Amino acid sequence: MRFTNKWRRMVVAGPLVLGLLALILVGTAPAQAQLGGQFFSLGGQATAQIISQGARYNNFLYLASPTTVFIGGNHDPGTPPWPVVNLGVIPAGQELIFRLDVYEPLWGPPPGTLLGSYYTGPASRNPDGIEHASITWLGPGTAKIGFEDKWGGGDKDYDDVVFIVNSAHAPEPSSLMLLGLGTVGSAGILLRRRRRTA
């Protein structure tokens, strides 16, 4: 069975067009907050940065697992902006668990009274049995996480400490390179076939 030039173009270009359409649709999907969600590394270098806070308590944010890294406090001098903190290279598939330590007195420096420590993920990790973090996916390996700092869920606004976490996916540049090579290869096949028919 012989294909016409029109069909050849559709066979070669069709998968490319469908792939690009899928990328566009995924990239424009609205972000939904997920209460008690978990963040898993895609592999590579991970970073975190506090972007806002809405709490009166002194809150201190940490990466709690797989290693302990201090990220920042909501009332750190000179903030905002808060610095980007390097969390290290986290293997793909490893969950990053974050902890918020909540201190009293209000607006005062620690040491003070530790009111509680709350974790990202399921309610079972927290002493009051309530989810204390909401996660919104911003893209592959990137999320915005907001903590609620009061026992029992407080006002459930999840804006007492809000931060962005990013786990860079190391193979991503090579994936883009493969997409580019696929596009160039498809174009080369079309040109070669055109020359044969001419």
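For the structure, see preceding data.
Undergrad: Just to check I follow, could you spell out the pattern of salt bridges for this structure?
TA: Oppositely charged side chains can form a pair if their charged atoms are brought close together. Scanning the model with the defined rule gives two salt bridges in all. In this structure, Arg-99 engages Asp-101 in a salt bridge whose closest nitrogen and oxygen atoms are separated by 2.8 Å. Just as Arg-99 is buried, Asp-101 falls in that class too.

Undergrad: Honestly, the pairing of strand β10 (residues 142-147) in this entry has me stumped. Any pointers?
TA: It is a general feature of regular strands that their side chains alternate between the two faces of the sheet. Within β10, five of the six residues are buried, which leaves it mostly tucked inside the rest of the structure. Where strand β9 (residues 133-139) and β10 come together, six bridges link them in antiparallel fashion. When the sheet's bridge partners are listed, Ser-134 is paired in β10 with Gly-146. From the end of β9 to the start of β10, which pair antiparallel, there are two residues, and Gly-141 there has a positive phi angle of about 75°. Strand direction decides the pairing type here: β10 and strand β11 (residues 161-167), joined by six bridges, are antiparallel.

Undergrad: Please explain the pairing of β9 as it appears in this structure.
TA: Looking at chain direction, strand β1 (residues 33-35) and β9 are connected through three bridges and run antiparallel. Residue pairing in the sheet places Leu-35 in a bridge with Ser-134 of β9.

Undergrad: Looking at this structure, I do not really get the nonpolar core. What am I missing?
TA: Grouped burial of nonpolar side chains is what soluble globular proteins tend to show. Core analysis: the largest hydrophobic core is formed by 26 residues, its most contacted members being Leu-61, Ile-71, Leu-87, Leu-96, Phe-98, Phe-163 and Val-165. No other element matches strand β7 (residues 95-104), which puts four residues into this core.

Undergrad: Mind showing me how you'd approach the sheet that holds β10 here?
TA: As a general point, the strands of a sheet are linked pairwise by backbone hydrogen bonds and lie either parallel or antiparallel. The strand order across the open sheet formed by six strands is β1-β9-β10-β11-β3-β6, and the pairing between neighbours is antiparallel. This sheet does not close on itself; its edge strands, each paired only once, are β1 and β6 (85-89). Adjacent strand axes in the sheet meet at a mean angle of 25°, parallel and antiparallel pairs treated alike.

Undergrad: I would appreciate a short explanation of the environment of Trp-151 in the present structure.
TA: Residue placement: Trp-151 occurs in the loop between β10 and β11. In this structure Trp-151 comes out as exposed when scored by relative accessible area, which is 56%. Separated by 22 residues in sequence, Trp-151 and Gly-129 have C-alpha atoms that sit 9.5 Å apart. Every residue in contact with Trp-151, bar those within four places of it in the chain, is listed here: Tyr-118, Pro-127, Asp-128 and His-132.

Undergrad: Explanation requested: unusual backbone geometry in the structure shown.
TA: Across residues other than glycine, the phi torsion is negative in most instances, and most of the peptide bonds are trans. Of note, the amide linkage connecting Ser-65 to Pro-66 takes the cis form, showing an omega dihedral of 20°. A cis amide bond links Thr-79 to the next residue, Pro-80, at an omega of -5°. Among the secondary structure elements, Pro-80 is positioned in the loop between β5 (69-73) and β6. Positive phi values are uncommon outside glycine, yet Lys-156 reaches one of about 55°. Within the secondary structure, Lys-156 is located in the loop between β10 and β11.

Undergrad: How do you make sense of empty space enclosed by the protein when you look at a structure like this?
TA: With a probe scaled to a water molecule rolled over the atoms, the places where space remains empty come into view. Applying the stated criterion to the full structure yields two cavities of 30 Å³ or more. Of the voids in this model, the second largest cavity is the one considered here, and its volume is about 30 Å³. Contributing to the lining of the second largest cavity are Gly-37, Gln-38, Phe-39, Thr-120, Ala-133, Ser-134, Ile-135 and Ile-145. Per-element accounting of the lining of the second largest cavity gives the leading share, three residues, to β9. Here the lining of the second largest cavity is composed, by residue class, of four nonpolar, four polar and no charged.

The rules behind each value
Residues numbered from 1 in each chain as written. Predicted model: local features only at pLDDT ≥ 70, side-chain atom pairs only at ≥ 80, totals over all residues. Heavy atoms only, no water. Salt bridge = Lys/Arg side-chain N within 4 Å of Asp/Glu carboxyl O. Buried < 20%, exposed > 50% of the residue type's maximum accessible area, 1.4 Å probe, protein only. Helix = DSSP H or I, 4+ residues; strand = E, 2+ residues; numbered from the N terminus. Pairing = 2+ DSSP bridges. Core = buried A, V, L, I, M, F, W, Y, C linked by side-chain atoms within 4.5 Å. Axes fitted to C-alpha atoms, helices over the stretch in contact; angles between N-to-C directions. Contact = heavy atoms within 4.5 Å. 1 Å grid on protein atoms, 1.4 Å probe; cavity = no way out; pocket = protein on both sides within 12 Å on 5 of 7 lines; lining within 4 Å. Points joined across faces, edges and corners; volume = space filled by probe spheres on them. Nonpolar A, V, L, I, M, F, W, Y, C, P; charged D, E, K, R; others polar.

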